[in-house]
Amino acid sequence: MDQGRQVFSVDLLERYASKNRGMITCMAAGNDVIVLGTSKGWIIRHDFGVGSSYDIDLSVGRTGEQSIHKVFVDPGGSHCIATVTGVGGAETFYTHAKWPKPRVLSRLKGLLVNSVAWNRQQITEVSTKEIILGTQDGQLFEMAVDEKDKREKYIKFLFELEELPEAFMALQMETANINSGMRYYVMAVTPTRLYSFTGIGTLESVFASYKERAVHFMELPGEIPNSELHFFIKQRRAVHFAWLSGTGIYHGGLNFGAQHSYPNGDENFVESKALLDYSKLSDGTEIVKPSSMALSEYHFLLLIGNKVKVVNRISEQIIEELQFDITADSASRGIIGLCSDASAGLFYAYDQNSIFQVSVIDEGRDMWKVYLDLKVFAAALANCRDPLQRDQVYLVQAEAAFADKEYLRAASFYAKINYVISFEEVTLKFISINEPEALRTFLLRKLDTLSKDDKCQITMISTWATELYLDKINRLLLEDDTAIENRNSEYHSVIQEFREHVRHGQEDRVAEAVVEEEVFVQEEDAYVRAEPGGDNGGGENGRRYGG
């Protein structure tokens, strides 16, 4: 990475964001809206888009101390779900940005909701459409709320883990309206497993089908305080995922146009899977696992202690460490967690009093170099921003091919370079090792890159290429007396290639009539040399026609 420019930066957004309603316990964000949960049972909504905030007491009517366990906000910032815990057990509430009061979800009373999957493709400001809630007991429920009804439309039981009952810690969902109906793809994580569910129909029918078929999952051993699952969203579609597991960061691409299937019939949309081992995050000391994470287009943001280590997910290298200005009264707990706002392209960290904003500035600017160092040349070229960067990619490819003695391939790459190595340097490389074929290839490919205005360079290169062609033709005639009669000989192949070179060349190249005459003279000369007493002078290659 360019060490002179930070990719990620930290700013204090709000010092006392909990407004004396207790300490911050959890946080969620969407569309410039941040919702906080506090240790006294309050949720506080900050709308930075319009500059307003308000708070709601979810502990009303409940005895004893109450605390917000989790809050969830949809990508549009309109819908919020929060679970409060206390002496009387757990209760889950839904509230809308326009509602003055929350609605208790009585069907979920006593169940600790750990995770929510929003239907990003279908959700609107006035309707959640289908959403999924995951509980501490390993159950999944479906719910929908229309704002105008002032209550939930329904809450349905969907699924329960029976083979290995564990808490559902995080959920993500993708939907697509295809020819045969609505397709659902759901990822869910527990402390040790990543599950995937997919099917066409309704959510209820998709999960009901798993009574007859096995659930696909990936199991990774190890313990972690908070198993998390994140999707990176680009143009309203998830393109890659990351699971904060006990073993490492398990991640991969998501391609919802793919049609690969598991033996049990599940479609597999996951590609390029990898595992970032936590040992790569340490400096040789004891391995410390992250307590929270966020996912950007090219990086993992990993909360380790009171720092965020930014790791490039392609190179798996730490590129930055982010520090936070923590007050003395928050130092005991430090930074609690991270969250992201996919709609605004922002990330947040929070301690028990404050919110910090983590901004990203053009994180893809050095990705061409990351891919180049890994020798993933197609991706490196795709991420180049200017001709100089592309030149450096072509140069690495050219020099690698040259070192492997693949001279024709090297010539093709050298011909694409405009700035980082000169024309003269390349030609001398091939002349010094006596590789006229590669030199000719370089000249011809270079001609393809020139515009009609480069007349002097076109004339010079065309003349040189013509000389090399004629020299090659002359040598072939000397080496094989039957070359002219044998229509399958290399001689005829080169003649045809030369004619095409002239026919499709620039106007400033040698006229085709001159070429035909030169070839005719060489053929006649070959017959003369083949006769007894014929002139065989001119050294090893006979006469040379350079024009």
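Definitions and cut-offs
Residues numbered from 1 in each chain as written. Predicted model: local features only at pLDDT ≥ 70, side-chain atom pairs only at ≥ 80, totals over all residues. Heavy atoms only, no water. Pairing = 2+ DSSP bridges. Helix = DSSP H or I, 4+ residues; strand = E, 2+ residues; numbered from the N terminus. Axes fitted to C-alpha atoms, helices over the stretch in contact; angles between N-to-C directions. Parallel < 35°, antiparallel > 145°, perpendicular 65-115°, else oblique. Left-handed = near helix turned anticlockwise from the far one by under 90°. Contact = heavy atoms within 4.5 Å. Nonpolar A, V, L, I, M, F, W, Y, C, P; charged D, E, K, R; others polar. 1 Å grid on protein atoms, 1.4 Å probe; cavity = no way out; pocket = protein on both sides within 12 Å on 5 of 7 lines; lining within 4 Å. Points joined across faces, edges and corners; volume = space filled by probe spheres on them. Buried < 20%, exposed > 50% of the residue type's maximum accessible area, 1.4 Å probe, protein only. Salt bridge = Lys/Arg side-chain N within 4 Å of Asp/Glu carboxyl O. Expected span 1.5 Å × (residues − 1). Core = buried A, V, L, I, M, F, W, Y, C linked by side-chain atoms within 4.5 Å. pLDDT = per-residue confidence, 0-100. Patch = residues over 30% accessible without salt bridge, like charges linked within 9 Å, V, L, I, M, F, W, Y side chains within 5 Å. Areas by Shrake-Rupley, 256 points an atom, 1.4 Å probe, with all protein chains shown as cover.

Per an unreviewed UniProt entry, the protein is named Pep3/Vps18 beta-propeller domain-containing protein, and its organism is Brassica campestris.

**Points about the sheet that holds strand 23 (residues 270-277)**
Strand order across the open sheet formed by four strands is 18-19-20-23, with antiparallel pairing between neighbours. The two strands at the open ends of the sheet, each matched to only one other strand, are strand 18 (228-234) and strand 23. In this sheet, neighbouring strand axes are inclined to one another by 20° on average, regardless of whether the strands run parallel or antiparallel. Pairing geometry for strand 19 (residues 237-244) and strand 20 (residues 248-254), over five bridges, is antiparallel. Residue pairing for strand 20: Trp243 is matched across the bridge by Tyr250.

**Quick word on the packing of helix 8 (residues 455-479) against helix 9 (residues 490-503)**
At their nearest, the axes of helix 8 and helix 9 sit 10 Å apart, and the two run at 160° to each other. One way to sum up the angle between helix 8 and helix 9 is to call them roughly antiparallel. As for how helix 8 packs across helix 9, the hand of that crossing is left-handed. Of the residues in helix 9, those in contact with Ser462, Ala465, Thr466, Tyr469, Leu470, Lys472, Ile473, Leu476 and Leu477 of helix 8 are Glu490, Tyr491, Val494, Ile495, Glu497, Phe498 and His501. Residues belonging to the contact of helix 8 with helix 9 are distributed by class as follows: ten nonpolar, three polar and three charged.

**Points about empty space enclosed by the protein**
Within the structure shown, the criterion is met by two cavities of 30 Å³ or more. Reported here for the largest cavity is a volume of approximately 70 Å³. The wall of the largest cavity is formed by Val35, Ile43, Ile44, Arg45, Tyr54, Ile56, Gly77, Ser78, Cys80, Thr95, His96 and Ala97. Going through the elements one at a time, strand 4 (42-47), strand 5 (52-57) and strand 8 (89-96) are the ones with two or more residues in the lining of the largest cavity. The element best represented in the lining of the largest cavity is strand 4, accounting for three residues.

**Observations concerning the environment of Phe93**
Relative to the assigned elements, Phe93 resides in strand 8. Separated by ten residues in sequence, Phe93 and Arg103 place their C-alpha atoms 5.4 Å apart. In contact with Phe93, other than residues within four places in its own chain, are Leu58, Cys80, Ile81, Ala82, Val84, Pro102, Arg103, Val104 and Leu105.

**Quick word on the pairing of strand 26 (residues 307-312)**
Within strand 26, five of the six residues are buried, which leaves it mostly tucked inside the rest of the structure. Pairing of strand 25 (residues 299-304) with strand 26 involves six bridges; the strand directions are antiparallel. Directly across from Leu302, in strand 26, lies its bridge partner Lys309. Between the antiparallel neighbours strand 25 and strand 26 lie two residues, among them Gly305 with a positive phi of about 65°. Pairing between strand 26 and strand 27 (residues 318-322): four bridges, direction antiparallel. Its bridge partner being in strand 27, Val310 is matched across the sheet by Glu320. Here strand 26 hands over to strand 27 after five residues, with Glu316 in that stretch at a positive phi of 60°.

**A few points about the pattern of salt bridges**
Applying the stated criterion to the full structure yields 25 salt bridges. The residue Lys234 makes a salt bridge to Glu297 at a minimum N-O spacing of 2.8 Å. In this pair, Lys234 is assigned in strand 18 and Glu297 in the loop between strand 24 (292-295) and strand 25, connecting sequence segments 63 residues apart. The shortest N-O distance in the salt bridge between Glu321 and Lys309 comes to 3.9 Å. Here Glu321, found in strand 27, pairs with Lys309, found in strand 26; they are twelve residues apart in sequence, far enough to count as distant. Owing to a relative accessible area of 15%, Lys309 belongs among the buried residues under this scheme. Put simply, Lys19, Arg21 and Asp55 are held in one network by salt bridges that share partners.

**Points about helix 9**
The terminal C-alpha atoms of helix 9 lie 20 Å apart, and with 14 residues this matches the ideal 20 Å at 1.5 Å per residue to within 8%. Considered for burial, the residues of helix 9 that qualify are Tyr491, His492, Val494, Ile495, Phe498, His501 and Val502.

**Overview of the nonpolar core**
Grouped together as the largest cluster of nonpolar side chains are 37 residues, with contacts concentrated most on Tyr414, Phe430, Phe442, Leu443 and Ile473. Contributing elements (two or more residues each) for this core: helix 4 (387-403), helix 5 (407-415), helix 6 (423-432), helix 7 (436-449), helix 8 and helix 9. No other element matches helix 8, which puts nine residues into this core.

**Looking at the confidence of the model for the protein**
Here the protein averages 86 in pLDDT, while 88% of its residues score no lower than 70. Of the regions scoring below 50 in pLDDT, residues 506-514 engages in 14 contacts with residues more than four places distant in sequence or in other chains. Considering only residues more than four positions removed or in separate chains, one finds that residues 536-547, a stretch of pLDDT under 50, has 22 contacts.

**Brief notes about the environment of Tyr394**
Summarising the element assignment, Tyr394 is placed in helix 4. Residue classification places Tyr394 among the buried residues on the basis of a relative accessible area of 16%. Between the alpha carbons of Tyr394 and Val420 there is a distance of 9.7 Å; along the sequence they are 26 residues apart. Filtering out sequence-adjacent residues up to four positions away, Tyr394 remains in contact with Leu381, Phe413, Lys416 and Ile417.

**Some thoughts on a nonpolar patch on the surface**
A cluster of nonpolar side chains, contributed by Leu388, Tyr419 and Val420, occupies part of the molecular surface with about 290 Å² of accessible area. Relative to the helices and strands, Leu388 is located in helix 4.

**Regarding the packing of helix 5 against helix 6**
Here helix 5 crosses helix 6 at 170°, and the two axes come no closer than 11 Å. By the angle class used here, helix 5 and helix 6 are roughly antiparallel. Contacts between helix 5 and helix 6 involve Tyr407, Ala410, Ala411 and Tyr414 on the former and, on the latter, Val426, Lys429 and Phe430.

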